[in-house]
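Topology and contacts: notes
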Amino acid sequence: MKFAYLLALRNCRRNAARSAVLAALVAILALVIFGGSEMLLGLQGGLMRFQQRLGADVVVLPKPAADAQMLEGVLVQGVPAHFYMEARYLDELRGMTGVAQAAPQFFLASANAGCCSVAVQLIGFDPAADFTIRPWMQESHAAEMGFGDILVGSGISVPADAMLTFYNTPCRVVGRLSPTGTGMDTAVYTNMETMRAMMANAASSGFDYFQGIPTENAISAVMIRTVEGFTPDGLAAAINESYPALAAKPAHGMVHHVEAGLGGILETVGVLIVFVWGIAIVILGIGFHLSARERRREFLILRIAGATRSFLLRLMLTEAVITSAAGGAAGIAIGAIVLLPFAGLMKEGLMRPYLLPDIGTIAMLAANTLAVAILSGTLSAAWTVGRVANTSISEMLREDG
């Protein structure tokens, strides 16, 4: 067995051009499988994280904002937006049957001007009533928030002094939330007191965001958790019937809408992987067959020298494994170098939740891809290997002329 391996390795080195072509085909196969699978896992992980981070059963917005799907733009794509309704709706919704908890949120797009350090989405919440952001604060070990304290998403750059300014309000970064692969990674979160100050400063600076609603009475959304026994769809329908100026949506409906947008991407990537795999198997099979035809005299000499059919079988399969392993490793390395550093650009290009898998998952994916590449290369060579190994010496002599 050791001699067959050494001879196979020597043959691959001696016929470097032939081995390189076969390895390149396997590398393309491995690149597509690794890159496509990594994309699928990233999209699925981002969708799951988006669902977890949303945290509410029903989301209530001003009707124009809901019709324009502004909240999805903020949370999924990171598109800054601002929309408002009167704060009185919060108290009224809290009194509705079927509402267990209701918490306000405030959305303010920071300006790309001297009043603000960076142009991002500002999201305000009430720590005393909130049930959507506080769990992520605890997961990230973020401190309790006082006036001027902010949390930042994982995609926000924080200066060395941990200070940022928004609408002339100095803010201190007290925590960073874990990645979600969504637009929430490029948002800044703060408490209601700080957000009110920012909104008042924005209004006094001439930023006409609030559509005639006094800043002290403006909120952007209400996040609702339903009482056990009440369905989000039923509660949303009741709110829409009672408040024509508002639009209530079940949170799972938003998730399903985002998931539906992923369907075409996931299907396309899956078809591409299967198509490339099929083409690669056929081309590799042809490549190994042509290579074997060129090496008829070499195989004949080995048989005349006393090599058994099983030895010839081990030799050719070992060459196929070596070539496939080299190509698979190269394809995975190229995929890691090209795809992993540009996960952020990929998320922006897809405009969908995209969360890069952790190191352990990527390592497992690489190992599985390498195994598939080696198996594919070996299976492609199996027919040719079996045919050569089972050919008698007399047949080889006749074929060689």
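Starting from 1, residues in each chain are numbered consecutively following that chain's sequence as written. Two thresholds apply to this predicted model, a pLDDT of at least 70 for residue-level local features and 80 or more for giving and counting side-chain atom pairs, whereas whole-chain, interface and lining totals are computed over all residues. Calculation of side-chain values draws on the structure's entire complement of heavy atoms; hydrogens and water are dropped beforehand.

Counting its regular elements, the chain contains 14 helices and eleven strands. When a residue's accessible area, from a 1.4 Å probe over protein chains only, is under 20% of the maximum for its type it is buried; when over 50% it is exposed; and in between it is partly exposed. Expressed as a percentage of its 401 residues, the buried residues of the chain come to 49%. When contacts within the chain are restricted to residue pairs at least 6 apart in sequence, long-range pairs at least 24 apart make up 79% of them. A total of about 18400 Å² of accessible surface is found on the chain, and carbon and sulfur atoms cover 63% of it. Strands are runs of DSSP state E lasting at least two residues, helices are runs of H or I lasting at least four, and both sets are numbered from the N terminus onward. Between two residues, a contact is recorded if the distance between any of their heavy atoms is within 4.5 Å. For the area figures, the Shrake-Rupley method with a 1.4 Å probe applies, and any residue is considered shielded solely by the protein chains shown.

Attention now moves to the confidence of the model for the chain. Confidence scores per residue from the predictor, reported as pLDDT, run from 0 to 100. Looking at the chain as a whole, the pLDDT averages 78, with 74% of positions reaching at least 70. The weakest mean pLDDT in the chain belongs to helix H14 (residues 393–400) at 51; the strongest belongs to helix H5 (residues 88–94) at 92.

Examined against the element boundaries, Ser37 turns out to sit in helix H2 (residues 16–54). Relative accessible area serves as the criterion here: at 18%, Ser37 is assigned to the buried category. In this structure, Ser37 is in contact with Val32, Ile273 and Leu365, ignoring residues within four places of it in sequence.

Looking now at the pattern of salt bridges. One speaks of a salt bridge when a side-chain nitrogen belonging to Lys or Arg is within 4 Å of a carboxyl oxygen belonging to Asp or Glu. The final tally for this structure, using the stated rule, is three salt bridges. For the salt bridge of Arg88 with Glu86, the shortest nitrogen-to-oxygen distance reads 2.9 Å. What makes Arg88 partly exposed here is its relative accessible area of 38%. Several salt bridges share partner residues, and in doing so they unite Glu86, Arg88 and Glu92 into one network.

Attention shifts here to the pairing of strand S5 (residues 149–152). On S5, burial covers both faces: Asp149 and Leu151 on one face and Ile150 and Val152 on the other are all buried. Where S5 meets strand S7 (residues 169–176), four bridges bridge the pair, whose relative direction is parallel. Across the sheet, Leu151 pairs through a bridge with Gly175, a residue of S7. Any two strands are treated as partners once DSSP identifies two or more bridges connecting them. When S5 meets strand S8 (residues 187–191), the two strands line up antiparallel, connected through three bridges. Of the residues in S8, the one forming a bridge with Ile150 is Thr190.

Moving on: the sheet that holds S8. The strand order across the open sheet formed by nine strands is S6-S7-S5-S8-S4-S3-S10-S1-S11, and the pairing between neighbours is mixed. The open sheet has two edge strands, strand S6 (163–166) and strand S11 (246–250), and neither has a second partner. This sheet shows a mean twist of 30° between the axes of neighbouring strands, independent of strand direction. Between N-to-C directions, angles cover 0 to 180 degrees, with each direction set by a line fitted to C-alpha atoms, over the stretch in contact for helices. Together, strand S3 (99–109), strand S4 (121–125), S5, S6, S7 and S8 form the strand contacts of helix H7 (residues 192–204), whose direction differs from that of S8 by roughly 110°. Contacting strand S1 (58–62), S3, strand S10 (221–226) and S11, helix H8 (residues 232–242) runs over the sheet at an angle of about 175° to S11.

In this structure, Leu108, Phe166, Ile224 and Ile239 are the most contacted members of the largest nonpolar core, which totals 43 residues. Sequence-distant contacts of Ile239, defined by excluding residues within four places in its chain, comprise Val58, Val60, Leu93, Met96, Ile224 and Ala248. Val59, Ala65, Ala66 and Leu177 belong to the second-largest nonpolar core, a separate cluster that totals 28 residues. In plain words, nonpolar cores are sets of buried Ala, Val, Leu, Ile, Met, Phe, Trp, Tyr and Cys residues tied together by side-chain atoms within 4.5 Å.

Another aspect to go through is the side chain of Thr194. The topology assignment puts Thr194 in helix H7. Using a relative accessible area of 0% as the deciding quantity, one classes Thr194 as buried. Setting aside anything within four residues of it in sequence, one finds Thr194 in contact with Gly146, Phe147, Gly148, Asp149, Thr169 and Cys171.

For Phe, Tyr and Trp, where Trp contributes only its six-membered ring, two rings pair if their centres lie within 6.5 Å, and the inter-plane angle classes them as stacked under 30 degrees, edge-to-face over 60, or tilted in between. What the rule picks out here adds up to five aromatic pairs. Their ring planes at 85° and their centres at 5.7 Å tell us that Tyr89 and Tyr243 sit as a pair that is edge-to-face. Of the two residues, Tyr89 is situated in helix H5 and Tyr243 in the loop between H8 and S11; the sequence distance between them amounts to 154 residues. Judged by its relative accessible area of 11%, Tyr89 is buried. According to the relative accessible area criterion, Tyr243 is buried, its value standing at 15%. Ring centres of Tyr167 and Tyr209 lie 6.4 Å apart, and the angle between their planes is 75°; on these two criteria the pair is classed as edge-to-face. With Tyr167 in the loop between S6 and S7 and Tyr209 in the loop between H7 and strand S9 (218–219), this residue pair connects regions lying 42 residues apart in the sequence. Here Tyr167 and Tyr209 have matching classes, each one buried. Put simply, the rings of Tyr167, Phe207 and Tyr209 touch in pairs and so form one group of aromatic residues.

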